[in-house]
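# Structural characterization, general
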Amino acid sequence: MPIIGSQTERAEDSVSTRLSKEQKQGVKKEATVSVSSSFTTKKRSVDEIIAGLFSRGISQQEQPVQDKRVWHEQKHIRAFLSDKRKAIAYGIDNVLKRDISGNKPIIVLMDGDRALEKTVKETVIDKGVAHRVDAYILDFIHF
């Protein structure tokens, strides 16, 4: 998504028409999206997982109605520009606020950004919920 130059916090590297090797046109801003939701676990076989990966070509009308799954309930989504720690803390706070018992396990799904993984692990320690994290799942499939 293009960002207006005046909305960035730093000036562009160059105003010349030719850029040197290490210069990039414009200024990149990155959004960190925080999604929290509840879900009911469902054990799946290897065949079900593989079929799920390759079912993109099947239209909604071709799928049996009883196969329809609601994976996430009470989904809560917020995006933060260039503030990973704030996005992660917001998501964890939202999960903790919704868990009245204080005992539900936490599953963390994230992409392969090493800085994101480090920040998530630091934040769950800071929030005192590291013992409740059952799994960190790396999302490496993007359609």
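Values in this document were obtained by computation on a predicted structure and should not be read as measured data.

### Quick look at the environment of serine 34
The residue serine 34 is located in strand β1 (residues 31–38) in this model. In this structure serine 34 comes out as buried when scored by relative accessible area, which is 9%. C-alpha of serine 34 to C-alpha of histidine 76: the two residues are 42 residues apart in sequence and 8.0 Å apart in space. Ignoring any residue separated from it by four or fewer positions in sequence, one finds serine 34 in contact with His76, Ile77, Arg78, Phe80, Ala87, Tyr90 and Gly91. In this structure the side chain of serine 34 is engaged in a polar contact, spanning 3.1 Å, whose partner is the backbone oxygen of alanine 87. Of note is the side chain of serine 34, whose polar atom sits 3.3 Å from the backbone nitrogen of glycine 91.

### Re the nonpolar core
Formed by Ile88, Ile92, Ile106, Val108, Met110, Leu116, Val120, Val124, Val129 and Val133, the largest nonpolar core amounts to ten residues. When residues of this core are traced back to their parent elements, those giving at least two are α2 (84–98), β3 (106–110) and α3 (114–126).

### Describing the packing of aromatic side chains
Tallied over the full model, the rule gives one aromatic pair. On the numbers, 5.6 Å between centres and 55 degrees between planes, the contact of phenylalanine 80 with tyrosine 90 is tilted. Of the two residues, phenylalanine 80 is situated in strand β2 (residues 73–81) and tyrosine 90 in helix α2; the sequence distance between them amounts to ten residues. It is lysine 121 that lies over the ring of tyrosine 136; its NZ or CZ is 5.0 Å from the centre.

### A word on α3
Here α3 contains 13 residues, and its C-alpha end-to-end distance of 18 Å stays within 8% of the 18 Å for a straight helix at 1.5 Å per residue. Looking only at α3, the buried set comprises Leu116, Thr119, Val120, Thr123 and Val124. The buried residues of α3 occupy an angular sector of 130 degrees when projected down its axis, which confines them to one face. Residues of α3 that are exposed and point more than 90 degrees away from the buried face comprise Arg114, Lys118, Ile125 and Asp126. Where α3 terminates, the next one or two residues include glycine 128, which has phi positive at roughly 75 degrees.

Rules behind the numbers
Residues numbered from 1 in each chain as written. Predicted model: local features only at pLDDT ≥ 70, side-chain atom pairs only at ≥ 80, totals over all residues. Heavy atoms only, no water. Helix = DSSP H or I, 4+ residues; strand = E, 2+ residues; numbered from the N terminus. Buried < 20%, exposed > 50% of the residue type's maximum accessible area, 1.4 Å probe, protein only. Contact = heavy atoms within 4.5 Å. Polar contact = N/O pair within 3.5 Å; in protein donor to acceptor, adjacent residues only side chain to side chain. Core = buried A, V, L, I, M, F, W, Y, C linked by side-chain atoms within 4.5 Å. Phe/Tyr/Trp six-rings, centres within 6.5 Å; stacked < 30°, edge-to-face > 60°. Lys NZ or Arg CZ within 6 Å of the ring centre and 35° of its normal. Expected span 1.5 Å × (residues − 1). Arc of directions from axis to C-beta.

Everything listed here is a matter of geometry and, on its own, says nothing about what the molecule does.
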